[in-house]
Amino acid sequence: EEDNEEWRPSEPKTKTCKADRPPASKKLKAPLKRTTKRTEAQASTQPQAPEDPTHLKPAVLCKPAAEEKTKTAHVLANTGKSVLPARKKKQMKEGQKKKATETDKCSSEGSSLSGFKLKKEEQVEDEDFTFDEPCPKKQKTSRACLGHPTFSPSSAAQTLRNELNMNWDLIELLSNLTCVERWVCENIIMLLREDNTVPFVVRYRKDMINHMDADSVRDVQLVYQELCSLAKKTQSVIQTLKKDGVLTTDLEQTLRSCRSVDELDHVYAPYKKGSKLTKARRAKALGLEVAASALMETPQTLDLRKWLKPGVEGLSSVEEVATGSSQAKNKDIDKFQLYCDFTCNIHRIQPHQTLAINRGESLKILTVKVNIPDRVKSDFSRWCLNSRWRPKTMPREEHHLILKNAVDDSYKRLIQPFLSRSYRTKLTSAAEKESIAMFVRNLRQRLLAGPVRGSIIMGVDPGYKHGCKLAILSPTSQILHTDIFYLHASSQQREAEKLRYLMSKYSCTKVVIGNGTACRETESLFADLISRGNFHPLDVSYCITNEAGASIYSVSPEAVKEMPDLDPNLRSAVSIARRVQDPLAELVKIDPKHIGIGTYQHDVSTSALKAALDGVVQECVSFVGVDINMCSETLMRHVAGLNVGRARSIAEWREQNGPFINREQLKLVKGMGPKTYQQCAGFIRINPQTRCSCKYLTVSSLPCVPAKAAAKKGKGKAVISVSTSFNPLDQTCIHPESYHVAQRFLSIVGGSTDPIGSSQLRQRVENKLRSSSMEELAKTVDTSTETLQLITDGLTQPPGFDIRQNFGQADFKQGIVSMSDLQVGTVLTGRVDNTALFGAFVDIGVGRSGLIHKSNITPDKLPVNQRRRSLALGPGERVEVRVLNVDHQRGRIGLDLIRVLQ
């Protein structure tokens, strides 16, 4: 694509992410951050007098220096569009709607330099496919009152500003950085400061957050935490400088105006103890401040020879006086072959390329350089000499040379490295965010895979020398039998007969094989046995599942506690089977980073990745809901509002008192205060079937539960009234705080709480919604439309409703295809196994996943609701693909996406 418009930093542009969103009142100013890699691109435009040197936007390129022994990656910075400011609008190609999406426009301020304005260079269409960047305002806006705050706290902005003691408005800056309406940011901050969890806010406070999804709320939360950390660090720096006696009023105001940690570090750098003094401070220490003032005010009277002091370092020669300082005397290399002599424009470098270059540089395999065109230096020098530091009278040639050398030195030592760091930091930050977003998307789809219920399943952990470990599980995941079969030894026929007997004994018809060592051979064996009718009359089928993390889990304390008498190898087989029976319940037992999702996990911030993945686990567990009388303690601790201690307390209460009869009894659990109860109650289910049939006491045999809450430290015991009767609403997603609204609505439609999810109640609700609008009914029952929608959903969903029923299950099959059977042009169906920043890996049933490169994932091949995502595909999605190429030697399969199967 080409973009020949002239970019003018002096003309602020509003950040709008949706057509109906009100324009931003301020131009977004993004702080400088550290980044690590880049590409090179040469610009050929003539710059104008600039306002801010940091507005120069570089290009990225990597190329090795010929004289160096190590391969090098060079990065050139162009003076096109600002790398710190905005991501530009991208236009869809002809034949599609001309819809421009403008995202994340950021302009960055320099600390002491101003005045650079450069034209935007012409951009050649990028050969690497990229989507329109996803809009930062990832909000569902149907039914939302855009631009009109709801429940917005009064004077919250001023209170926050006073607390942080910074010169910027926290809410205004947060709104600019996240592209979220100001009133929404204000509400989110208020909700977070009240210790509300993200799942609770997203489900039960939709009207306050403008229907934003969990990822968008977490983005706002992350930026808010970063700004709070910045304010705290700023205060620490100010106290340090005050203690050192170098803090001035102007310096303090500059520090309080910093909008990023990198900008703060840049301002603070000259004053850090142990760091080299700036040349200006060294010159002042030598007593040359008067000479410098004379150079600017009355250069014709300046005589440098008068300042000579033989024997004093820095003043012993005219040259030293002029400069203000003394004069100095005399590993996995093949993996990075792609980035040897690599050059790329800064606008076009892909996130995975950035992270790969960073890794190569950290391993000292690559050398990375940001190349900024020479004209930037000449324009900067011209502006400094003719405008910023122009003497009041015409200086002599030698005095003019002093000024010129000072400007050149400042550019070489300070400005150019500062710009290079800024560009690399910006690119690295964006790449890390995209990589983490990929992890989040992959993990969510892996956790929400549809469970396979009602079947006896055999889990197989394949192996050669140590045999294949087998575990047969009941439909409720209870272990029926475990064994080890040597299916790849000389006694294969005898082992096959034992296998047939075992499957016939337990009527097992589904086999789950882990994708580890000997997976291909084990799959071939089962396919052969099925084709020969070895399991007749059983209709046996099998599937392959990702066993990543199974071995780690098998020796974990949770596994030992759950299966104390089982060998660790057999525990792996149990885990493999349960990953298909109930993926969510099993995968939450494993650290998300060990599940085998995403790429470059070791190249991004460990803390940021862990926080994001933990948030997704909590979101998925909460939105699916847990049966409090059946779920494991491990699963329970991931419910919003709960933690390890509270989950243990609930499990102990359950063991001592029997099953929970209603949600209200949660208040009797130790450590369950009002806030915790509010956060978790809506995600906990009390199902009547499990309440009466679980392994604990039956309802009729339960003793009267004492209506006393757990003792609070220093407050004694609080006596509360807790009902001991079952409430049908406890099996729904309706929050207890809305039960009275649900009762009013039921009285209007003429129903009762007994037949929750029945066809009769569903019919009554639908009839009422046809005769009256949701808004009218909401006013009648005195609630918001969002809450009423949630209530109608809870009343009409069938008992045991699971949101995962709309997600794909594991694919079971009876035959096998090999790579040798593939031909170019063959059309196949498969399931996305994993996604990376450069494409999606698809399991097409040949023992090796094929790759759909991101250039083949075009918007016209995707459902409308997936076209705004950066890659659009995620694990578990079924796709139709065409074989592009088959490399038998390297075991690689290239695929083209035809369509996503709904």
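Cut-off values and rules
- Throughout this document, residue positions are counted from 1 along each chain, in the order its sequence is written.
- Local features are withheld for residues below a pLDDT of 70 in this predicted model, meaning they are given only at 70 or higher, and side-chain atom pairs are given and counted only at 80 or more; totals for whole chains, interfaces and linings count all residues.
- Side-chain numbers here rest on the full set of heavy atoms in the structure, without hydrogens or water.
- Here an angle of 0 to 180 degrees is reported between the N-to-C directions of two axes, which are lines fitted to C-alpha atoms, with helices fitted over the stretch in contact.
- Here a helix means four or more residues in a row that DSSP labels H or I, a strand means two or more in a row labelled E, and each is numbered from the N terminus.
- Oblique is the label for any angle not covered by the other classes, which are roughly parallel (under 35 degrees), roughly antiparallel (over 145) and roughly perpendicular (65 to 115).
- The handedness criterion is simple: a crossing whose near helix is rotated anticlockwise from the far helix by less than a right angle is left-handed, and one whose near helix is rotated clockwise is right-handed.
- The contact criterion used throughout is that any non-hydrogen atoms of two residues lie within 4.5 Å.
- Polar here means any residue outside two lists: the nonpolar Ala, Val, Leu, Ile, Met, Phe, Trp, Tyr, Cys and Pro, and the charged Asp, Glu, Lys and Arg; Gly therefore counts as polar.
- Burial status follows relative accessibility: with a 1.4 Å probe on protein chains alone, a residue under 20% of its type maximum counts as buried, one over 50% as exposed, and anything between as partly exposed.
- Aromatic pairing here means that ring centres of Phe, Tyr or Trp (its six-membered ring) are within 6.5 Å. Orientation follows from the plane angle: under 30 degrees is stacked, over 60 is edge-to-face, and everything else is tilted.
- Each ring is checked for a lysine NZ or an arginine CZ that lies within 6 Å of its centre and within 35 degrees of its normal; such an atom marks a charge sitting over the ring.

Looking at an unreviewed UniProt entry, one finds the chain named S1 RNA binding domain 1 and attributed to Takifugu rubripes.

Q: Got a minute to help me understand the packing of helix 12 (residues 374-388) against helix 13 (residues 397-447) in this structure?
A: When two helices pack together, their arrangement is captured by the angle between the axes and the distance separating the axes. Their axes nearest at 10 Å, the elements helix 12 and helix 13 cross at an angle of 135 degrees. Here helix 12 is positioned oblique relative to helix 13, judged by the angle of their axes. Along this stretch, helix 12 crosses helix 13, giving a crossing that reads as right-handed. Here Val376, Lys377, Phe380, Ser381, Cys384 and Leu385 of helix 12 lie close against helix 13, whose contacting residues are His400, Leu403, Lys404, Val407, Asp408, Ser410, Tyr411 and Ile415. Residues that form the contact of helix 12 with helix 13 fall into these classes: eight nonpolar, three polar and three charged.

Q: Explain the packing of helix 2 (residues 170-178) against helix 3 (residues 182-193) here, please?
A: Across the interface, helix 2 lies against helix 3 with an axial gap of 9 Å and an inter-helix angle of 110 degrees. As judged from the angle between their axes, helix 2 and helix 3 are roughly perpendicular. The way helix 2 lies across helix 3 gives a crossing that is right-handed. Every residue of helix 3 that contacts helix 2 at Leu170, Ile171, Glu172, Leu174, Ser175 and Thr178 is listed here: Arg182, Cys185, Glu186 and Ile189.

Q: Hey, could you run me through unusual backbone geometry in this one?
A: Negative phi characterises most residues that are not glycine, and trans characterises most peptide bonds. Between His536 and the following residue, Pro537, the backbone shows a cis peptide bond with an omega angle of 10 degrees. Secondary-structure assignment places Pro537 in the loop between helix 15 (519-531) and strand 9 (541-545). The phi dihedral of Ser507 falls on the positive side, at around 55 degrees, and the residue is not glycine. Note that Ser507 resides in the loop between helix 14 (492-506) and strand 8 (510-514). Exposure remark for Ser507: the relative accessible area of 44% places this residue in the partly exposed category.

Q: Help me out: how do you make sense of the packing of aromatic side chains in this one?
A: Applying the stated criterion across every chain yields a total of nine aromatic pairs. Both rings, one in Tyr204 and one in Phe683, keep their centres 5.7 Å apart while their planes meet at 50 degrees; by these two values the pair is tilted. For Tyr204, a relative accessible area of 8% corresponds to the buried category. Taking the relative accessible area as the measure of exposure, Phe683 reaches 0% and is therefore buried. Ring geometry for Phe380 and Tyr411: centres 5.7 Å apart, planes at 40 degrees, overall tilted. Taken together, the positions of Phe380 in helix 12 and Tyr411 in helix 13 put the pair 31 residues apart, joining distant regions of the chain. Side by side, Phe380 and Tyr411 carry an identical accessibility label, which is buried. Three or more aromatic residues joined by ring pairs make a cluster, and in this case those are Phe200, Tyr204, Phe623 and Phe683. Over the ring of Phe485 we find Lys498, and its NZ or CZ is 5.2 Å from the ring centre. When the ring centre of Tyr677 is taken as origin, the NZ or CZ atom of Lys667, which lies over that ring, is 5.0 Å away.

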